[in-house]
Amino acid sequence: LENDGMVFKNVNIIIPIPQGASPTVGEVTGQYVVDNQQSALIWQLPSISSENSSGSLEFNCQGDDTESYFPVSIQFESERLICDVDVTSVTQVSDGTNVPYSKQSILTPAEYSVV
């Protein structure tokens, strides 16, 4: 984790596996699921933060084509934006009065891949 202020939740690291392969998982931080329909090993981490900044997944799988394990896709959510923009108030343009408001900031990538 390069930015100590960020917290990523519901992290899924999706690793392609050869069609029909059955990976044997050893040491794992978090949980994993083998999705045979997607031909993928999905590594699930509840969160990544400065207190929990690293983890590991060790697995063995049939096949010798290392390219079949790429691209790795990563899905996550964050309540903090990377650019640290915030809405502190909302004002009526016509008379300058404050307007009640609520906000929700969620960062979700459209696509994040390791190729």
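Residues numbered from 1 in each chain as written. Predicted model: local features only at pLDDT ≥ 70, side-chain atom pairs only at ≥ 80, totals over all residues. Heavy atoms only, no water.

Summed over all chains, the structure comprises 2 salt bridges. For Asp-86, the salt bridge identified is with Lys-103, shortest N-O distance 2.0 Å. Of this pair, Asp-86 sits in the loop between β6 (72-77) and β7 (113-114) while Lys-103 sits in the loop between β6 and β7, and the two are 17 residues apart along the sequence. Given the relative accessible area of 47%, Lys-103 is considered partly exposed. (Salt bridge = Lys/Arg side-chain N within 4 Å of Asp/Glu carboxyl O. Helix = DSSP H or I, 4+ residues; strand = E, 2+ residues; numbered from the N terminus. Buried < 20%, exposed > 50% of the residue type's maximum accessible area, 1.4 Å probe, protein only.)

Considering the arrangement of structural elements, one finds Asp-35 in strand β3 (residues 31-35). On the basis of relative accessible area, Asp-35 is assigned to the buried category, the value being 19%. Linking Asp-35 and Pro-16, residues 19 residues apart in sequence, is a C-alpha distance of 9.5 Å. In this view, Asp-35 contacts Ala-40 and Ile-42; residues no more than four positions away in its chain are not counted. (Contact = heavy atoms within 4.5 Å.)

Below, the discussion takes up the packing of aromatic side chains. Each pair of aromatic rings is reported with the distance of its centres and the angle of its planes. In this structure the tally under the stated criterion is 2 aromatic pairs. Residues Phe-8 and Phe-76 carry aromatic rings whose centres are separated by 4.8 Å and whose planes lie at 75° to one another, so their mutual orientation is edge-to-face. Note that Phe-8 is positioned in strand β1 (residues 8-16) and Phe-76 in strand β6, a separation of 68 residues in sequence. Taking the relative accessible area as the measure of exposure, Phe-8 reaches 16% and is therefore buried. (Phe/Tyr/Trp six-rings, centres within 6.5 Å; stacked < 30°, edge-to-face > 60°.)

Our focus in this paragraph is a nonpolar patch on the surface. On the surface, a nonpolar cluster with roughly 280 Å² of combined accessible area is contributed by Phe-70, Tyr-112 and Val-114. Note on placement: Tyr-112 falls in the loop between β6 and β7. With a relative accessible area of 44%, Tyr-112 lands in the partly exposed category. (Patch = residues over 30% accessible without salt bridge, like charges linked within 9 Å, V, L, I, M, F, W, Y side chains within 5 Å. Areas by Shrake-Rupley, 256 points an atom, 1.4 Å probe, with all protein chains shown as cover.)

Counting through the fold element by element, Gly-5 comes out in the segment before β1. The spatial distance from the C-alpha of Gly-5 to the C-alpha of Arg-80 is 8.5 Å, given a sequence separation of 75 residues.

Remember, this is a structural readout, not a statement about activity or role.
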